[in-house]
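Residues per chain are reported as follows:
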Amino acid sequence: MNGIVRPKGYNVSWHSNPDIEKHHFGHAHPMKPWRLTLAKGLIMSYGMHTAMDTYVSRMATREELEDFHSAEYMEYLKTAKVALPDDDNPKEFNLGSSDCPIFEGLFNYCSMYAGASIDAARKLCNEEADIAINWSGGLHHAKKAESSGFCYVNDIVLAILQLLRKHPRVLYIDIDVHHGDGVEEAFWSTDRVMTLSIHKYDGYQFFPGTGDLDRTGPDSEENPGAHHAINVPLADGIDDEQYVWLFKTIVGMCVDRFRPTAIVLQCGADSLAGDRLGRFNVQVQGHGACVAYCKSLNIPLLLVGGGGYTPRNVARAWAHETSIAIGCDANLNPIIPAHTPYRSHFRHDTIFPTLDQILGEPRPNKNPDKKIREIVASITEQLRFVNM
Ligand code: TV1
Ligand code: CA
Ligand code: ZN
């Protein structure tokens, strides 16, 4: 079976729940929890579940959710009723917008993906796992009392709050194509969390419209969180070579300067080529190289999902990244096993469907190397203000 062996003395925990996958945001909505079913099918057909501690995630409690979110917002989220299309929608807490619809089972969906991230963080705190994985999490836009950009509950913030009980410093890294604004804002005023987001930024249009290079945290004498927000704004079409170089260079500098004792990596797969919403040219290999680099730092690592709107490519990336976590990536046959559920979804043209080849028109690369080097220079300067 593809040579999957459990690594000795190294534990990976995998947190998932099939109930999460059954929710629907609505007919035309790009967020499809079903992509998690596709990813799980791939992970299991390769036999990777045998090399991990697997947990069926539970629902987060109200108390746990209110570690970050306001009680009023959580009450509204729990009782919000699915609106009829012709209803005059009040949109309290931004709920019921086209991005954040109220759908059947919404509160259960939110509690389950949050419960999985909280449990995953606790596995790291108890040293029961070296890497903990929740592909259903990573919903980085949610605010204390507001849903935003397909995100209702911020499982990442909740997980980092768990890590902070034990860990003095947490580095948050976000490779989703969108700016990780909700996590950045939540830890805006503390020097115990450094946030780093790489994303598409065009000044105004691309969601959420924030994340320019000079957004580094409120700069004031009294604020310990000043300079602890790092933003890497990019243009369309960045390729693997530039992306992976930038990632390793900047994460390397942040680790040297900040010395995190835990890392949370949001692995949003909408930074891949061919994504329905994203505009980058990153391949499964390049996306995975970011995960491999974080693993190589030998710091407790939490992997969460995030965006990703071309389901077959999301499944490819997260299956590949699961194999990197376990350390069996080199032993995988790139041809997707014959018994994989929904295998036909991975087929393109006449060739055998493979794990790492994604289909997508390459987009013209609008990122000159000079610009990439200027970003690194600017962050180098910023990090001089981070004192440990
Ligand atoms: C319903 C049906 C909703 C079709 C939303 C794309 C849709 C989008 C839809 C969409 C869509 C956005 C905005 C809305 C500004 C707002 C999980 C007033 C084809 C982490 C969230 C992107 C990304 C939100 C989430 C963005 C994540 N883009 N079709 N909505 N308007 N919203 O631009 O970071 O990946 O697009
Ligand atoms: Ca990002
Ligand atoms: Zn995204």
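Look above for the structure.
What counts and what doesn't
- Residues numbered from 1 in each chain as written.
- Chains lettered and ligands numbered in written order.
- Predicted model: local features only at pLDDT ≥ 70, side-chain atom pairs only at ≥ 80, totals over all residues.
- Heavy atoms only, no water.
- Helix = DSSP H or I, 4+ residues; strand = E, 2+ residues; numbered from the N terminus.
- Rg over C-alpha atoms; globule rule 2.2 N^0.38 Å.
- Buried < 20%, exposed > 50% of the residue type's maximum accessible area, 1.4 Å probe, protein only.
- Contact = heavy atoms within 4.5 Å.
- Donors = N, O, S within 2.8 Å, 3.2 Å for Na, K, Ca; no water.
- Tetrahedral: all angles 85-135°; square planar, octahedral: opposite > 155°, others 65-115°.
- Pairing = 2+ DSSP bridges.
- Near = heavy atom within 4 Å.
- Polar contact = N/O pair within 3.5 Å; in protein donor to acceptor, adjacent residues only side chain to side chain.
- Areas by Shrake-Rupley, 256 points an atom, 1.4 Å probe, with all protein chains shown as cover.
- Nonpolar A, V, L, I, M, F, W, Y, C, P; charged D, E, K, R; others polar.
- Axes fitted to C-alpha atoms, helices over the stretch in contact; angles between N-to-C directions.
- Phe/Tyr/Trp six-rings, centres within 6.5 Å; stacked < 30°, edge-to-face > 60°.
- Expected span 1.5 Å × (residues − 1).

1. Description of the overall build of the chain
Stage number 1. Within the chain, the regular secondary structure consists of eleven helices and eight strands.
Stage number 2. In summary, the chain has a C-alpha radius of gyration of 20 Å against a globular reference of 21 Å for 388 residues, a match within 12%.
Stage number 3. Projected onto the principal axes, the alpha-carbon positions of the chain cover approximately 60 × 50 × 45 Å.
Stage number 4. Within the chain, the proportion of its 388 residues that are buried is 59%.
Stage number 5. The long-range share in the chain, meaning contacts at least 24 apart out of those at least 6 apart in sequence, stands at 77%.

2. A few points about the coordination of the calcium ion (ligand 2)
Stage number 1. At this site the calcium ion (ligand 2) is bound by Asp 174 (O), Asp 174 (OD), Asp 176 (O), His 178 (O), Ser 197 (OG) and Ile 198 (O), with donor distances of 2.5 to 3.0 Å.
Stage number 2. What the six donor atoms of the calcium ion (ligand 2) show is an angle range of 69 to 166 degrees at the metal, which sorts the shape as irregular.
Stage number 3. Mapped onto the sequence, the donors of the calcium ion (ligand 2) take the spacing D-x1-D-x1-H-x18-S-I. Across this residue pair, the class does not change: Asp 174 and His 178 are buried.

3. Looking at the pairing of strand E6 (residues 229-234)
Stage number 1. Buried residues dominate E6, accounting for six of its six residues.
Stage number 2. Residues Ala 229, Asn 231 and Pro 233 point to one face of E6 and Ile 230, Val 232 and Leu 234 to the other, with burial holding for every one of them.
Stage number 3. Two strands pair when backbone bridges link them, and strand E5 (residues 193-200) and E6 are joined in this way by six bridges, in the parallel orientation. By the bridge assignment, Ile 198 is partnered in E6 with Val 232.

4. Quick notes on the coordination of the zinc ion (ligand 3)
Stage number 1. Within the first shell, the zinc ion (ligand 3) binds the protein through Asp 176 (OD), His 178 (ND1) and Asp 270 (OD), at distances of 1.9 to 2.0 Å.
Stage number 2. When the donor residues of the zinc ion (ligand 3) are listed from N- to C-terminus, their spacing reads D-x1-H-x91-D. There is no split in this pair, since Asp 176 and His 178 are both buried.

5. Points about the environment of Asp 219
Stage number 1. If you trace the backbone, Asp 219 turns up in the loop between E5 and E6.
Stage number 2. Taking the C-alpha atoms as reference, Asp 219 lies 31 Å from Gly 278; in sequence the two are 59 residues apart.
Stage number 3. Discounting residues that sit within four places of it in the chain, Asp 219 has contacts with Ala 226 and His 227.

6. Some thoughts on the site of ligand 1
Stage number 1. Neighbouring ligand 1 are 19 residues; Asp 99, His 140, His 141, Asp 270 and Tyr 309 lie closest to it.
Stage number 2. Between ligand 1 and the protein, one listed contact pairs an oxygen atom with a side-chain N or O atom of Asp 270 at 3.0 Å.
Stage number 3. Across the complex, the protein chains shield 65% of the 790 Å² of accessible surface that ligand 1 would expose by itself.
Stage number 4. A breakdown of the residues in the shell around ligand 1 according to their chemical character gives eight nonpolar, eight polar and three charged.

7. Notes on the sheet that holds strand E4 (residues 170-174)
Stage number 1. Here we have eight strands laid out as an open sheet, ordered E2-E1-E3-E8-E7-E4-E5-E6, and parallel in their pairing. In this open sheet, the two edge strands, each paired with only one partner strand, are strand E2 (53-56) and E6. The sheet shows a mean angle of 15 degrees between the axes of neighbouring strands, direction not considered.
Stage number 2. Two elements, strand E1 (residues 12-16) and strand E3 (residues 131-134), share three bridges in a ladder whose sense is parallel. Within E3, the residue paired with Trp 14 across the bridge is Ile 133.
Stage number 3. Across the sheet, helix H10 (residues 311-326) lies against E1, E3 and strand E8 (301-304), angled at about 165 degrees from E3, the strand it touches most.
Stage number 4. Those strands touched by helix H11 (residues 369-383) are E5 and E6, and its axis lies near 170 degrees from that of E6.

8. Details of the packing of aromatic side chains
Stage number 1. On inspection of all chains with the given rule, the structure shows 13 aromatic pairs.
Stage number 2. Centre to centre, the rings of Tyr 109 and Tyr 113 are 5.2 Å apart; their planes meet at 70 degrees, and the pair counts as edge-to-face. Here Tyr 109 and its partner Tyr 113 are both found in helix H5 (residues 106-125), four residues apart, which amounts to about one turn of the helix.
Stage number 3. Taking relative accessible area as the criterion, Tyr 109 reaches 4% and is therefore assigned buried.
Stage number 4. Three or more aromatic residues joined by ring pairs make a cluster, and in this case those are Phe 25, Phe 103, Tyr 109, Tyr 113 and Tyr 152.

9. Topic: H10
Stage number 1. For H10, with 16 residues, the first-to-last C-alpha span of 23 Å sits near the 22 Å given by 1.5 Å per residue.
Stage number 2. When you tally the buried positions in H10, you get 14 out of 16 residues, the bulk of the element.
Stage number 3. In the segment just after H10, Gly 327 is the residue with positive phi, at about 95 degrees.

10. Section: the environment of Tyr 10
Stage number 1. With respect to the helices and strands, Tyr 10 occurs in the segment before E1.
Stage number 2. Judged by its relative accessible area of 18%, Tyr 10 falls in the buried class.
Stage number 3. Spatially, the C-alpha atoms of Tyr 10 and Arg 257 are 27 Å apart, while their sequence positions differ by 247 residues.

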